[in-house]
Amino acid sequence: MHFHHHGYVSADPRIQAAEGYGIDRPDELPDEVDVLIVGTGPAGMIAAAQLSQFPDVSTRIIERRPGRLEIGQADGIQARSVETFQAFGFAEEIIREGYHITEMAFWNPDQENPEHIIRTGRPKDDETGISEFPHLIVNQARVLDYFAQFALQSPGRITPDYGIEFVDLQVEDPATAADPKHPVQVTVRHTSGERSGEERTIRAGYVVGCDGARSQVRKSIGRSMFGDQANHAWGVMDVLANTDFPDIRTKCAIASKHGNILHIPREGGHLFRMYVDLGEVPADASRTVRQTGVEEIIAKANEILTPYSIDVRDVCWHSVYEVGHRLTNAFDDTDEDDPNSPTPRVFIAGDACHTHSAKAGQGMNVSMQDGFNLAWKLGQVVTGRSTDELLRTYSLERRVTAKNLIDFDKEWSTLMATPQEELPDKAYLEQFYVKTAEFPAGFMTEYTESMITASAAGQELATGFPVGKRFKSAQVNRVCDAFPVHLGHQAKADGRWRVYVFADSQRPTNDTSGAESKVAALADWLESDPQSPLVRFRRPGDDLDALIELSVIYQQEHTEFAFTDAPQVFRPLVGKLQLEYLEKIYATLPDDDIFEARGISREGAVVVVRPDQYVSGVFGLDEHERLGEFFAGVFAP
Ligand code: FAD
C-alpha cells in the first residue's frame with residue numbers, strides 16, 4: 001500500500017484524505033451533479049466506488065430502498081470479480097469471509113433405481129489454473145458493503161442517497177441547453193421519511209441507470225429488452241438445515257426424475273442455497289408461480305434429493321426468481337449507427353440491459369464489469385482528460401460481452417435441463433463445464449480495436465497479454481526490498497492507466513544520454529519528448545505518474561542491479577514532499593520468470609493497460625511514435 005508520501009499517516013492508511021467534492025459534501029442531494037447513478041446494486045456501487053477516485057467529479061448515487069440491501073439476490077463471485085476486488089483493496093477480506101468453490105458435483109438418476117439420485121461426476125472448479133484468484137460464494141449485500149466502504153474512504157467520499165427514486169428524465173440539446181454541462185433534467189421522488197412522496201427536479205451532466213431488470217431509466221430513453229418471451233422460474237431459498245446428503249457443502253447440479261436443483265453452499269459453514277427449478281413460465285402465468293410458498297419449495301427439494309433429505313431449521317430468505325435471456329438494443333441514448341449523433345448522456349448498466357439465468361452465476365459479476373468499464377471513462381471525460389467520444393466505447397464494448405454471455409448461458413442452461421440419457425455421452429455436461437471454465441470465470445471478454453484498444457500489431461512481443469483481454473498477472477520481484485509480488489495486483493482502481501516496460505536483455509542503466517539501451521532511450525522519450533503522453537497530457541503541478549503509472553521489469557534477478565540503475569522516470573517524485581517512489585522497478589524471479597510465463601520477447605515489450613485492467617496494446621521498446629499516437633487518441637490535448 002502506498003502512503004506517507006504527503007506526510008506521516010498515523011491512522012488507517014486506507015482512509016484517503018478528502019479532496020474536491022469530497023470536502024464538505026452536502027448531506028442533501030444537490031440541485032446539480034456531474035454524474036447521477038440510479039440504483040445501489042453491484043453495477044451502481046462499483047461505478048460509485050470508481051468515481052470516488054475522481055473527486056473533481058460531483059457524483060451522487062440514489063436508491064429507492066430506505067437503506068442497505070440486507071439479504072438475498074445473487075451470491076456467485078467469479079475469479080474475475082475477485083481480481084477486481086483486489087484493485088479496490090478488499091479481495092483479502094472477502095476471500096476470508098467467502099465460501100470457496102473447489103469442485104462441482106453432478107448428480108443424476110441412478111440407472112438401477114431411477115427414483116434415487118447418485119453422484120456421476122465431480123470435476124475440479126478450475127482444472128487449468130485460469131486464475132490465481134478463487135471462485136467464491138458471498139452474499140451480494142456484503143459485496144455492496146465493501147464497495148460502500150471503499151467509496152466512503154476515497155477522496156470523493158461518496159455515500160448512497162437512500163430513499164430517493166428516479167422517476168423520469170429529459171435530455172436537452174447541450175448546444176442550446178441553459179446549462180450545457182448539465183443538460184439532463186431528472187425528476188426524483190422521496191420514498192421514505194418525512195418527505196416521502198415529495199418530487200423534485202435536479203440537473204445532471206450524465207445519468208447512469210443501474211436500476212435493475214425493470215429499469216425506469218431504460219424506459220425513459222426508449223430502450224427495450226429483446227429476447228425470451230417466457231421467463232424461467234426458480235424457487236430460491238437460503239436455509240439452515242441438517243441433512244444426510246453427502247455433498248451439502250459442495251456446489252451441485254442435481255437432475256432427478258422429479259426435477260432439478262442447483263445447490264450452492266454458502267459462507268459461514270452452515271447456510272446453503274437451493275435453486276429449485278419451477279420450469280418455464282409464460283408471461284401471463286407469472287402471478288401464479290410467484291405465489292409458490294417456501295413449504296412447497298422445501299417439499300419439492302426433498303423429492304428431488306431422494307433417497308436423501310433436508311431438515312430445515314430456519315429459512316433465512318426465499319424468493320421466486322423469474323428470469324429470461326434478454327438484452328437491450330443499446331446501452332446508452334445515442335444512435336450507434338450514426339457516428340454524427342450526439343455523444344451519450346444517459347447510460348444503462350447491469351440487469352437494466354441484460355438478464356440471464358442464475359445457473360452460470362453471472363448476474364452480479366457482469367453487472368460489476370459494466371459499471372467498472374463506464375465509470376473511469378466518465379471520470380476521464382468530466383475532468384476533461386478525454387473527449388466525450390470516449391463514452392461511445394461503453395455501449396460498443398459491453399453490448400458484445402453481454403450478447404456472448406447470453407449465448408453461453410442459453411447453452412449451459414439448456415444442457416443442464418437435458419436428461420442425461422439425451423446427451424451425446426454421460427460425462428458431456430461435466431466436460432462442457434471444464435472446457436468452458438474460462439467463460440463463467442469472467443475471462444473471455446475481449447475488446448476489439450477502438451480509440452482505447454490498439455491493433456494487434458506487436459502482439460508477438462507479449463503473447464501472454466492478448467490485446468483486448470484483461471491483463472493476466474504474473475509474479476515479479478520488487479527490486480528495492482526483494483519482495484515477490486504479483487505485478488497485476490499492484491494496479492489499483494484509481495482511474496490511472498498503466499504502462500509496463502519489459503526490458504530487453506541489456507543490463508539496467510540510468511544513462512539516458514546515448515541510445516544504446518532501448519529502455520534508457522524510451523525513458524528519455526517518456527520524460528522529455530513533446531509527443532510523450534507524460535509531457536503532452538500532464539497538467540501543471542501533477543506528479544509524473546498522475547495519469548499513467550509506469551513500471552519497469554528487467555530480465556535480470558534483483559541481486560544483479562540496484563534501483564538506482566533504473567532511469568529516473570521509473571522512480572517518479574511523488575506527493576507534497578516530492579519523494580522518490582521506488583516500488584515500480586522489478587526483477588525476474590529465478591523459478592518463476594514472467595518473461596517465460598507470459599511469452600514476452602527477450603527483445604522487450606511495452607504493454608499498455610487501461611484503468612479497468614484490460615490490455616490496450618503491445619508496443620516495441622523503440623516504437624515511440626506509435627505509443628505517442630495511441631495516447632494522443634485517448635487523451636484530450
Ligand atoms: P440490482 O442488483 O437489481 O440493483 C438495482 C438497484 O436499483 C436496486 O437496489 C433497486 O432497489 C434500485 N432501483 C430500482 N429502481 C429504482 C429507481 N427507479 N430509483 C432508484 N433506485 C431504483 N441473481 C442470481 O444470480 N441469483 C439469485 O438468486 C438472484 N435473485 C434475485 C432476486 C431478486 C429479487 C432480484 C431483484 C435479483 C436477483 N438476482 C439473482 C439477480 C442479481 O441480483 C442481479 O443480476 C444483479 O444484482 C444485477 O445487478 P444490478 O446492479 O444491475 O441490479
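The rules behind the values
Residues numbered from 1 in each chain as written. Predicted model: local features only at pLDDT ≥ 70, side-chain atom pairs only at ≥ 80, totals over all residues. Heavy atoms only, no water. Helix = DSSP H or I, 4+ residues; strand = E, 2+ residues; numbered from the N terminus. Buried < 20%, exposed > 50% of the residue type's maximum accessible area, 1.4 Å probe, protein only. Areas by Shrake-Rupley, 256 points an atom, 1.4 Å probe, with all protein chains shown as cover. Lys, Arg positive; Asp, Glu negative; His and termini not counted. Charge placed at Lys NZ, Arg CZ, Asp CG, Glu CD. Pairing = 2+ DSSP bridges. 1 Å grid on protein atoms, 1.4 Å probe; cavity = no way out; pocket = protein on both sides within 12 Å on 5 of 7 lines; lining within 4 Å. Points joined across faces, edges and corners; volume = space filled by probe spheres on them. Nonpolar A, V, L, I, M, F, W, Y, C, P; charged D, E, K, R; others polar. Expected span 1.5 Å × (residues − 1). Arc of directions from axis to C-beta. Contact = heavy atoms within 4.5 Å. Phe/Tyr/Trp six-rings, centres within 6.5 Å; stacked < 30°, edge-to-face > 60°. Lys NZ or Arg CZ within 6 Å of the ring centre and 35° of its normal. Near = heavy atom within 4 Å. Polar contact = N/O pair within 3.5 Å; in protein donor to acceptor, adjacent residues only side chain to side chain. Axes fitted to C-alpha atoms, helices over the stretch in contact; angles between N-to-C directions. Parallel < 35°, antiparallel > 145°, perpendicular 65-115°, else oblique. Left-handed = near helix turned anticlockwise from the far one by under 90°.

Novice: Explain the overall build of the chain residue by residue, including any values.
Specialist: Of the regular secondary structure elements, the chain holds 14 helices and 29 strands. Projected onto its principal axes, the C-alpha positions of the chain cover 80 × 60 × 50 Å. Residue burial in the chain is summarised as follows: out of 637 residues, 58% are buried. As displayed, the chain has an accessible area near 25,900 Å², and 49% of this comes from carbon and sulfur atoms. One finds the centroid of the 62 positive side-chain charges in the chain at a distance of 3 Å from the centroid of its 98 negative side-chain charges.

Novice: Pulling in residues and values, what's your account of the sheet that holds strand E7 (residues 136-137)?
Specialist: Read across the open sheet, the 3 strands follow the order E3-E7-E4; overall the sheet is antiparallel. Strands at the two margins of the open sheet, each flanked by one partner only, are strand E3 (76-77) and strand E4 (99-100). Sheet topology places E4 next to E7; 2 bridges connect them, and they run antiparallel. Following the sheet pairing, His100 is matched in E7 by Leu136.

Novice: So what's going on with empty space enclosed by the protein? Residues and values would help.
Specialist: In this structure the tally under the stated criterion is 5 cavities of 30 Å³ or more. Here the largest cavity is characterised by a volume of approximately 160 Å³. In this structure, the largest cavity is lined by 20 residues; those nearest its centre are Ala253, Ile254, Ala255, Met416 and Leu429. When its residues are assigned to classes, the lining of the largest cavity shows 12 nonpolar, 4 polar and 4 charged. As a volume, the second largest cavity reaches approximately 90 Å³. A per-class count over the lining of the second largest cavity returns 5 nonpolar, 5 polar and 1 charged.

Novice: Account for helix H7 (residues 294-305), with residues named and values stated.
Specialist: Between its first and last C-alpha, H7 extends 16 Å over 12 residues, near the 16 Å set by a 1.5 Å rise per residue. Within H7, the full set of buried residues consists of Val294, Ile297, Ile298, Ala301, Ile304 and Leu305. Down the axis of H7, the buried side of the element spans an arc of 125 degrees, and every buried residue falls inside it. For H7, exposure combined with an orientation more than 90 degrees from the buried face picks out Glu295 and Glu296. Contacts made by the buried residues of H7 are with strand E6 (117-121), strand E13 (231-243), strand E14 (251-256), strand E15 (259-265), strand E16 (272-281) and strand E17 (310-323).

Novice: Summarise the packing of aromatic side chains; cite the residues concerned and give the values.
Specialist: One pass over the full model with this rule turns up 28 aromatic pairs. With a centroid separation of 5.8 Å and an interplanar angle of 5 degrees, the aromatic rings of Phe631 and Phe635 are classed as stacked. Phe635 matches Phe631 in its accessibility class, with the two residues each being buried. Aromatic ring contacts, followed pair by pair, group Phe85, Phe88, Phe90, Tyr146, Phe147, Phe150 and Phe372 into a single cluster. Positioned above the aromatic ring of Tyr206 is the side chain of Arg345, whose terminal nitrogen or guanidinium carbon lies 4.4 Å from the ring centre.

Novice: How would you sum up the site of the ligand? Please name residues and give values.
Specialist: For the ligand, the set of nearby residues contains 29 residues, the closest of which are Glu63, Gln140, Phe166, Tyr275 and Asp351. Between Arg64 and the ligand, the recorded distance is 3.2 Å, taken from a backbone N or O atom to a nitrogen atom. Asp351 is positioned with one of its backbone polar atoms (N or O) 2.8 Å from an oxygen atom of the ligand. Protein contact buries 86% of the 960 Å² of open area that the ligand shows by itself. For the shell around the ligand, the secondary-structure elements that each account for two or more residues are helix H1 (42-51), strand E9 (164-171), E16 and helix H8 (363-382). In terms of residue class, the shell around the ligand is made up of 13 nonpolar, 9 polar and 7 charged.

Novice: Could you give me a rundown of the sheet that holds strand E27 (residues 585-587), with the residues and numbers involved?
Specialist: Read across the open sheet, the 7 strands follow the order E22-E21-E27-E24-E23-E28-E29; overall the sheet is mixed. Unpaired on one side and paired on the other, strand E22 (483-486) and strand E29 (615-619) mark the two borders of the sheet. Recorded for the sheet is a direction-independent mean angle of 30 degrees between the axes of neighbouring strands. Bridge analysis of strand E23 (residues 497-502) against strand E28 (residues 605-609) gives 5 bridges, and the strand direction is antiparallel.

Novice: Explain the pairing of strand E5 (residues 104-109) to me, and be specific about the residues and the numbers.
Specialist: Across the 6 residues of E5, 6 count as buried, placing the element largely inside the fold. Here E5 runs beside E14; their pairing, made up of 4 bridges, is parallel. Within E14, the residue paired with Phe106 across the bridge is Ala253. Summarising the sheet, E5 and E6 pair through 4 bridges and their orientation is antiparallel.

Novice: Residues and numbers for H1, please.
Specialist: An α-helical turn contains 3.6 residues, so a residue and the one three or four places further along point in the same direction. Counted residue by residue, H1 has 10 buried out of 10 residues, so it is predominantly covered. Where H1 is concerned, the buried positions are Pro42, Ala43, Gly44, Met45, Ile46, Ala47, Ala48, Ala49, Gln50 and Leu51. For H1, the elements touching its buried residues are strand E1 (32-38), strand E2 (59-63), helix H2 (79-87), helix H4 (140-153) and H8.

Novice: Account for the packing of H2 against H8, naming residues and giving values.
Specialist: It is at 9 Å that the axes of H2 and H8 come closest, and there the two elements cross at 40 degrees. Regarding the angle of H2 to H8, the classification is oblique. As for how H2 packs across H8, the hand of that crossing is left-handed. For the pair H2 and H8, contact is made by Arg80, Ser81, Thr84 and Phe85 and by Asn365, Met368, Gln369 and Phe372, respectively. Of the residues contributing to the contact of H2 with H8, the split by class is 3 nonpolar, 4 polar and 1 charged.

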